[in-house]
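Each chain, letter by letter, is given below.
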Amino acid sequence: TSPQAIGGIPGEHFMAIAGTSMSSPHVAGIFALMDQAHPDWSPATVKSALMTTAHQDVRDNDRVSQADPFDMGAGHANPGGKWSKGSIAQPGLAYDASLSEYTAFTCGMEWGVIPSESCLW
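Here is a short report on the structure shown in this document.

What counts, and where the lines are drawn
Residues numbered from 1 in each chain as written. Predicted model: local features only at pLDDT ≥ 70, side-chain atom pairs only at ≥ 80, totals over all residues. Heavy atoms only, no water. Helix = DSSP H or I, 4+ residues; strand = E, 2+ residues; numbered from the N terminus. Contact = heavy atoms within 4.5 Å. Disulfide = S-S within 2.5 Å. Buried < 20%, exposed > 50% of the residue type's maximum accessible area, 1.4 Å probe, protein only.

### Section: the side chain of serine 87
Note on placement: serine 87 falls in the loop between helix H3 (69-72) and helix H4 (99-109). Every residue in contact with serine 87, bar those within four places of it in the chain, is listed here: Thr53 and Lys82.

The following block contains the structure:
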C-alpha cells in the first residue's frame, strides 16, 4: 500500500483533488499548447484568450452552489474540442497588455503604488 497522505484515510490509494492546486498544472499545460499553436502571441495574449473564453458554469466547493467570481476567477478553461472560432485558439477577443498598460491603469486608479511623478507621460 502507499503511504498515508496528509489528511488522507489509511489505506486510501488516491485522492480527488480540486481547486487552484490542480488548476495550476492544467493551465501551464494549456499555455504550452497555446505557445505551440501561436508562437507569435505574448503570454498576456494567451492569458487573455484563456480568460475571455472560459465558461462560468462552475460549482462551489460543495459541488451544488453556483460559484461566484471570488471562487472561480475567470471560470473554467476548456482547451478540448475543435479549435474553431470562439475557442481558446481563436478567441475573437484577446488583449496584449504589457507593463506600460498595467502601469497606466495603476496610475489612473491612484492607489499610491507608483509614485505620482512616475505617472507623468
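### Some points on the state of the cysteines
This model, assessed by the stated rule, comprises 1 disulfide. The disulfide that involves cysteine 107 links it to cysteine 119, with 1.9 Å between the sulfurs. Judged by the torsion about the S-S bond (-75 degrees), the cysteine 107/cysteine 119 disulfide is left-handed. Pair noted here: cysteine 107 is in helix H4 and cysteine 119 is in the segment after H4, with a separation of 12 residues, a long-range link. For the pair cysteine 107 and cysteine 119, one class covers both residues: buried.

Geometric values such as these leave the question of function open.
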